[in-house]
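So you can see what is in the structure, the chains are spelled out below.
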2 protein chains.
Amino acid sequence: MLGNPYDRDCPTRQLLDRIGDQWTVLIVGALTDGPLRFTEIGKRVDGISQKVLTQTLRSLVRDGILIRTAYPVIPPKVEYELTQLGRNLAEPLDLLDRWARRNMDQVTAARAAYDAENAATAS
Amino acid sequence: MLGNPYDRDCPTRQLLDRIGDQWTVLIVGALTDGPLRFTEIGKRVDGISQKVLTQTLRSLVRDGILIRTAYPVIPPKVEYELTQLGRNLAEPLDLLDRWARRNMDQVTAARAAYDAENAATAS
DNA sequence: CTGTATCCCTCGGGATACTG
DNA sequence: CAGTATCCCGAGGGATACAG
């Protein structure tokens, strides 16, 4: 079967890995409201280093998820914007984001229960 | 705002990272058809090492995504199964999976175009 | 402002061997 | 069968300095 990520050599697997990346989810999410400049993205995605931001943006551009537009002005101005492909991707990503927010409490509770259990069972 | 993954200290961010993990996506996907034994999961998720499989399974159990059931028989038999929370998660994850499969070709093409562009521009 | 270039160090995760 | 325990390597990614 084509495009089966359960096969280790399938390119779909790499793609899945890329879009599942924490930074990718956040960056694509940040751009759903419209184009943003380099620095703007950095500010929205708290904690990302400049290096990683650059790397992630470039690979997203390469994958056809984003478009990069450089304005020949001084100081430089560069905008990043979702392509159609990127906007398509934004939907499932947003669902994941919503799921995380919605179920955060349950997960936190589950963790606490699990940890308590293990501390107690540590007889 | 609560549950904002754009804040680096928000727990939702960690959760998003966890569920976005390549192995998590594949494991949860593999379990949507029903419970599986440890070795079965390992076989379905091609390329995962035993260590990582164990780690990922444990953290998913801790997060309340999976239930682990050990049968006191010899040889040991352990089954992993999605919780209700896990089944809820399976949906958005499946969408991501489908997206990746559906758009793999476009991404591959975009990469080729990007690389060609860059090779040419490398004057 | 928007990157590029290094240094460097942590840690994810593979390989292997052993246990209940 | 289902793990646990080590060893160990390479990549990810932070900090910092510099460039167009």
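Quantities reported herein were computed from a predicted structural model and do not represent experimental measurements.

### With respect to the protein's contact with DNA strand C
Around DNA strand C, the surrounding shell holds 17 residues, and the nearest of these are Thr 39, Gln 50, Arg 58 and Arg 68 of chain A together with Lys 51 of chain B. Counting only the atoms of DNA strand C within 4 Å of the protein, the fraction contributed by sugar and phosphate is 53%. Arg 37 of chain A places a polar side-chain atom, nitrogen or oxygen, 2.9 Å from a sugar or linking oxygen of DNA strand C. Measuring from a sugar or linking oxygen of DNA strand C, one finds a backbone N or O atom of Pro 76 of chain A at 3.4 Å.

### A closer look at the nonpolar core
Grouped together as the largest cluster of nonpolar side chains are 67 residues, with contacts concentrated most on Ile 27, Ile 41 and Leu 66 of chain A together with Ile 27, Ile 41, Ile 65 and Leu 66 of chain B. Ranked by residue count, the leading element in this core is helix α5 (residues 84-121) of chain B, at ten residues. Beyond its immediate sequence surroundings of up to four residues, Ile 65 of chain B is in contact with Trp 99 of chain A together with Val 28, Leu 60, Glu 81, Leu 82, Thr 83, Leu 85, Gly 86 and Leu 89 of chain B.

### Notes on unusual backbone geometry
Along the chain, Ile 74 of chain A connects to Pro 75 of chain A via a cis peptide bond; the corresponding omega equals 5 degrees. Positionally, Pro 75 of chain A belongs in the loop between β2 (66-71) and β3 (77-82).

### Overview of helix α4 (residues 50-62) of chain A
Residues spaced three or four apart along an α-helix face the same direction, because each turn holds 3.6 residues. Taking 1.5 Å per residue as the helical rise, α4 of chain A with its 13 residues ought to reach 18 Å, and the 18 Å between its terminal C-alpha atoms agrees with that figure. Remark: Gly 64 of chain A follows α4 of chain A within two positions and exhibits a positive phi of approximately 80 degrees.

### Here's the deal with the protein's contact with DNA strand D
As a matter of local geometry, DNA strand D sits amid 17 residues, with Lys 51 of chain A together with Thr 39, Gln 50, Arg 58 and Arg 68 of chain B nearest to it. The sugar and phosphate moieties of DNA strand D supply 55% of its atoms located within 4 Å of the protein. Thr 39 of chain B is positioned such that a nitrogen or oxygen atom in its side chain is 2.3 Å from a phosphate oxygen of DNA strand D. Arg 68 of chain B places a polar side-chain atom, nitrogen or oxygen, 2.5 Å from a phosphate oxygen of DNA strand D. For the surface near DNA strand D, the secondary-structure elements that each account for two or more residues are α4 of chain A together with α3 (38-44), α4 (50-62) and β3 (77-82) of chain B. Per-element tally for the surface near DNA strand D: the top contributor is α4 of chain B, with four residues.

### Re the pattern of salt bridges
Within this structure, the stated rule accounts for 13 salt bridges over all chains. The salt bridge partner of Glu 40 of chain A is Lys 43 of chain A, with a shortest N-O separation of 3.4 Å. Taken as a pair, Glu 40 of chain A and Lys 43 of chain A lie in helix α3 (residues 38-44) at a separation of three residues, close to a single helical turn. Take Lys 43 of chain A: its relative accessible area is 57%, and that puts it in the exposed class. Across the pair Asp 115 of chain A and Arg 62 of chain B runs a salt bridge whose closest N-O atoms are separated by 2.5 Å. Residue Asp 115 of chain A is found in helix α5 (residues 84-121), and its partner Arg 62 of chain B is found in helix α4; the two belong to separate chains. Note on Asp 115 of chain A: relative accessible area 35%, which makes it partly exposed. Relative accessible area serves as the criterion here: at 26%, Arg 62 of chain B is assigned to the partly exposed category. One network of salt bridges, with partners in common, ties together Arg 18 and Asp 63 of chain A together with Arg 111 of chain B.

### Remarks on the environment of Gly 20 of chain B
Mapped onto the fold, Gly 20 of chain B is located in helix α1 (residues 11-20). Given the relative accessible area of 4%, Gly 20 of chain B is considered buried. Counting along the chain gives 14 residues from Gly 20 of chain B to Tyr 6 of chain B, while the straight-line C-alpha distance between them is 15 Å. Once residues lying within four places of it in the same chain are set aside, the contact partners of Gly 20 of chain B are Gly 20 of chain A together with Val 25 of chain B.

### With respect to the sheet that holds β3 of chain B
Residues and elements named next belong to chain B. Taken in spatial order, the three strands make up an open sheet running β1-β3-β2, and their pairing is antiparallel. What marks the edges here is a single partner per strand, and that holds for β1 (36-37) and β2 (66-71). Summarising the sheet, β2 and β3 pair through six bridges and their orientation is antiparallel. Looking at the pairing, Ala 70 lines up with Val 78 of β3. Each of β2 and β3 touches α4; the most contacted strand, β2, lies at about 110 degrees to it.

Reading the values: rules and limits
Residues numbered from 1 in each chain as written. Chains lettered and ligands numbered in written order. Predicted model: local features only at pLDDT ≥ 70, side-chain atom pairs only at ≥ 80, totals over all residues. Heavy atoms only, no water. Near = heavy atom within 4 Å. Polar contact = N/O pair within 3.5 Å; in protein donor to acceptor, adjacent residues only side chain to side chain. Core = buried A, V, L, I, M, F, W, Y, C linked by side-chain atoms within 4.5 Å. Buried < 20%, exposed > 50% of the residue type's maximum accessible area, 1.4 Å probe, protein only. Helix = DSSP H or I, 4+ residues; strand = E, 2+ residues; numbered from the N terminus. Contact = heavy atoms within 4.5 Å. Expected span 1.5 Å × (residues − 1). Salt bridge = Lys/Arg side-chain N within 4 Å of Asp/Glu carboxyl O. Pairing = 2+ DSSP bridges. Axes fitted to C-alpha atoms, helices over the stretch in contact; angles between N-to-C directions.

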